[in-house]
Amino acid sequence: MGAKHAEQHRPMSTIPRREWTPGELSASLAIGTIAVLIIGAQPIFLGAILEAKQVTLEGVGIVAMGEIVAVGLGVVLGDMVLPGARLRLITIVAALLAAAFDLLTQHASGDGALLAVRVAAGLAEGVLVWGATGVIVRCGNPARVAGIFFVLQTIAQAALGLLLAQFVIPRWGWQGAFATLAALSLLPCVLAWLQPAELAPLAPPAVSGFRWSLATALPLLVIFLQLATLGSFWAYMEPLGLAAGFDARAAQTLIAGVLAMQVVGGTVGSLAVRRLKVVPALVAASLVLAGATAAVHELAPGSSTPFALACAVFGFSWLFMMPYHVGLAFSADPSGRLAGLVPAAQLLGSAFGPLVASFMVEGENAGPVPLLSAGFALAAAALILLTRHRLHASPFLKGVQ
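The structure reproduced in this document is the subject of the present report.

Cut-off values and rules
- Residues numbered from 1 in each chain as written.
- Predicted model: local features only at pLDDT ≥ 70, side-chain atom pairs only at ≥ 80, totals over all residues.
- Heavy atoms only, no water.
- Helix = DSSP H or I, 4+ residues; strand = E, 2+ residues; numbered from the N terminus.
- Buried < 20%, exposed > 50% of the residue type's maximum accessible area, 1.4 Å probe, protein only.
- Contact = heavy atoms within 4.5 Å.
- Areas by Shrake-Rupley, 256 points an atom, 1.4 Å probe, with all protein chains shown as cover.
- Core = buried A, V, L, I, M, F, W, Y, C linked by side-chain atoms within 4.5 Å.
- Axes fitted to C-alpha atoms, helices over the stretch in contact; angles between N-to-C directions.
- Parallel < 35°, antiparallel > 145°, perpendicular 65-115°, else oblique.
- Left-handed = near helix turned anticlockwise from the far one by under 90°.
- Polar contact = N/O pair within 3.5 Å; in protein donor to acceptor, adjacent residues only side chain to side chain.
- Patch = residues over 30% accessible without salt bridge, like charges linked within 9 Å, V, L, I, M, F, W, Y side chains within 5 Å.
- Salt bridge = Lys/Arg side-chain N within 4 Å of Asp/Glu carboxyl O.
- Expected span 1.5 Å × (residues − 1).
- Phe/Tyr/Trp six-rings, centres within 6.5 Å; stacked < 30°, edge-to-face > 60°.

With that settled, the discussion passes to the overall build of the protein. The secondary structure content of the protein amounts to 19 helices and zero strands. When each of the 401 residues of the protein is scored for burial, the buried share is 56%. Look at the contacts in the protein between residues 6 or more apart in sequence, and 86% of them connect residues 24 or more apart. Carbon and sulfur atoms provide 69% of the accessible area of the protein, an area that totals close to 15,900 Å².

In structure tokens:
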């Protein structure tokens, strides 16, 4: 009787689970993927703007930070104020606004103007991510679907990066890159009619039992630090590649190659997530990231091959650890409310890294940035190890699905 009563009141039951149709789920993941296209290809967009003297090297980190923070805020604001019952209308409006600001970017010049227009675009993109995340959290197997979502994002970002580096930018410059992004941003207007019509509200904390504490904040802080590692190095990968001996086109192509390595890492991570425990997996990923970025810092000028290998390891590790983030959030809060904030923590961490890095670059020298990235990675590993006793009690370590 007692066991039955406890089972009936498990927090996981507070999530309004839905068995979405393949079409509804595919459309939602596609919308979320389109919303974050610029995040993955940001070094190419920002590198092209930098080469055209539309932004300073110091401003690259500020603009990168501004848009990523805005995407994270868009997710949080969507969770707080937007009605899930009007998901389709919200998606269409957000897609139109994102496309409009992409086109407006073509006419912006200078750090301040570019920051303002990309922040506005980021808020619209964040709303699109909120919708996709809402569908994932409410599906029957959110951790696995989230892993698929990360891989799809990276495949699309790699394809876009290759398209921009090989065809669009050489012919139409940086303006053509944002025109391409604007055209892609309009696709959710069509996909909105294929996604779920509405999102059922999550249970309030009084019902789900969710409350903020060290245990619930820890996963978000770990995720934040790991993404700060990635964001700081990623935003400056093109100038670092130029210093390593690549020309502009080769550096852009390398970025697309790193995105392809992310796909490999994400696929392996998705397959291994049910076999490897969260503590060793996330600690190992952080240590590998620290080693790869520290190695870049120690390379002599012109060391293009070692730089490319270090970037490949960086890209593999990046997406390998991502499937664990959603599961880690569910381990601290089975109701799903914390999992809905994982994209915000990821995006804010991705923005914080470039922000700090922007204060470390001097003129055209981005050399200190890899050492900063290594520091963030070591901090994430230390935090996990120092608090691992809190994670050992987690059901995720026994195989959260």
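Right, let's get into the nonpolar core. Core analysis: the biggest nonpolar cluster contains 120 residues, and Phe45, Tyr236, Met237 and Phe307 have the highest contact counts within it. Among the elements that line this core, the one with the most residues is helix α8 (residues 142-185), at 14 residues. Contacts of Phe45, omitting those with residues within four sequence positions, involve Ile38, Leu160, Leu164, Ala177, Phe178 and Leu181.

Relative placement of two packed helices is described by the angle separating their axes and the distance separating the axes. Packing of helix α17 (residues 342-358) against helix α18 (residues 369-386) brings their axes to within 10 Å, and their N-to-C directions diverge by 140°. As far as their axial angle goes, α18 and α17 are oblique. For the crossing formed where α17 meets α18, the hand is right-handed. The segment α17 lies against α18, with Phe352, Gly353, Val356 and Ala357 engaging Val369, Leu372 and Phe376.

Along the chain, Asp111 turns up in helix α7 (residues 111-137). Here the alpha-carbon distance between Asp111 and Gly59, two residues 52 residues apart in the chain, equals 5.4 Å. Discounting residues that sit within four places of it in the chain, Asp111 has contacts with Gln54, Val55, Thr56, Gly59 and Val63. Looking at Asp111, its side chain comes within polar contact range of the side chain of Thr56, at 2.8 Å.

Taken together, Leu73, Leu77, Met80, Val81 and Leu123 make up a surface patch of nonpolar side chains, about 470 Å² in accessible area. Residue contributions to the nonpolar patch peak at four residues, all from helix α5 (residues 57-81). Take Leu77: it is sitting in helix α5. Judged by relative accessible area, which is 43%, Leu77 ranks as partly exposed.

With that out of the way, let us pick up the pattern of salt bridges. All told, the structure shown has three salt bridges when counted by the stated rule. A salt bridge links Asp102 to Arg118; its shortest N-O distance comes to 3.0 Å. Separated by 16 residues along the polypeptide, Asp102 in helix α6 (residues 87-105) and Arg118 in helix α7 bring together distant segments of the chain. Side by side, Asp102 and Arg118 carry an identical accessibility label, which is buried. We note a salt bridge from Arg118 to Glu125, for which the minimum N-O separation is 3.5 Å. Of the two residues, Arg118 and Glu125, neither departs from the other in class, the shared state being buried. Through salt bridges that share partners, Glu67, Asp102, Arg118 and Glu125 make up one connected network.

This brings us to helix α16 (residues 323-332). In terms of residue burial, α16 counts as a mostly covered element, since nine of its 10 residues are buried. Pro323, Tyr324, His325, Val326, Gly327, Leu328, Ala329, Phe330 and Ser331 are the residues of α16 that are buried.

Here we come to the packing of helix α2 (residues 22-35) against α8. Running from N to C, α2 and α8 point in directions that differ by 45°, and their axes come no closer than 8 Å. Comparing their axes, α8 and α2 come out oblique. Between α2 and α8 lies a crossing whose hand is right-handed. In contact with Leu25, Leu29, Gly32, Thr33 and Ile34 of α2, α8 contributes Val145, Ile148, Phe149, Leu152, Gln153, Ala156, Leu184 and Ser185.

Assignment of secondary structure puts Thr180 in helix α8. Residues in contact with Thr180, not counting those within four places in the same chain, are Leu160, Leu163, Leu164 and Val168.

Here we come to α6. An ideal rise of 1.5 Å per residue puts 27 Å on 19 residues; α6 measures up with 27 Å between its terminal C-alpha atoms. Those residues of α6 that fall on the buried side of the exposure criterion are Leu87, Ile90, Thr91, Ile92, Ala94, Ala95, Ala98, Ala99, Asp102 and Thr105. Buried residues along α6 sit in contact with α2, α7, α8 and α9 (188-191).

This part is about the packing of aromatic side chains. The geometry of an aromatic ring pair comes down to the distance between the two centres and the angle between the two planes. Applying the stated criterion across every chain, the model contains 11 aromatic pairs. An angle of 25° between the planes, with centres 6.4 Å apart, marks the rings of Phe149 and Phe150 as stacked. With relative accessibility at 7%, the residue Phe150 sits in the buried group. With centroids separated by 4.8 Å and ring planes inclined at 50°, the aromatic side chains of Phe233 and Phe314 adopt a geometry described as tilted. Highlighted residues: Phe233 in helix α11 (residues 214-235) and Phe314 in helix α15 (residues 304-320), separated in sequence by 81 residues. Judged by its relative accessible area of 1%, Phe233 falls in the buried class. One aromatic cluster in this structure is built from Phe233, Trp234, Phe314 and Trp318.

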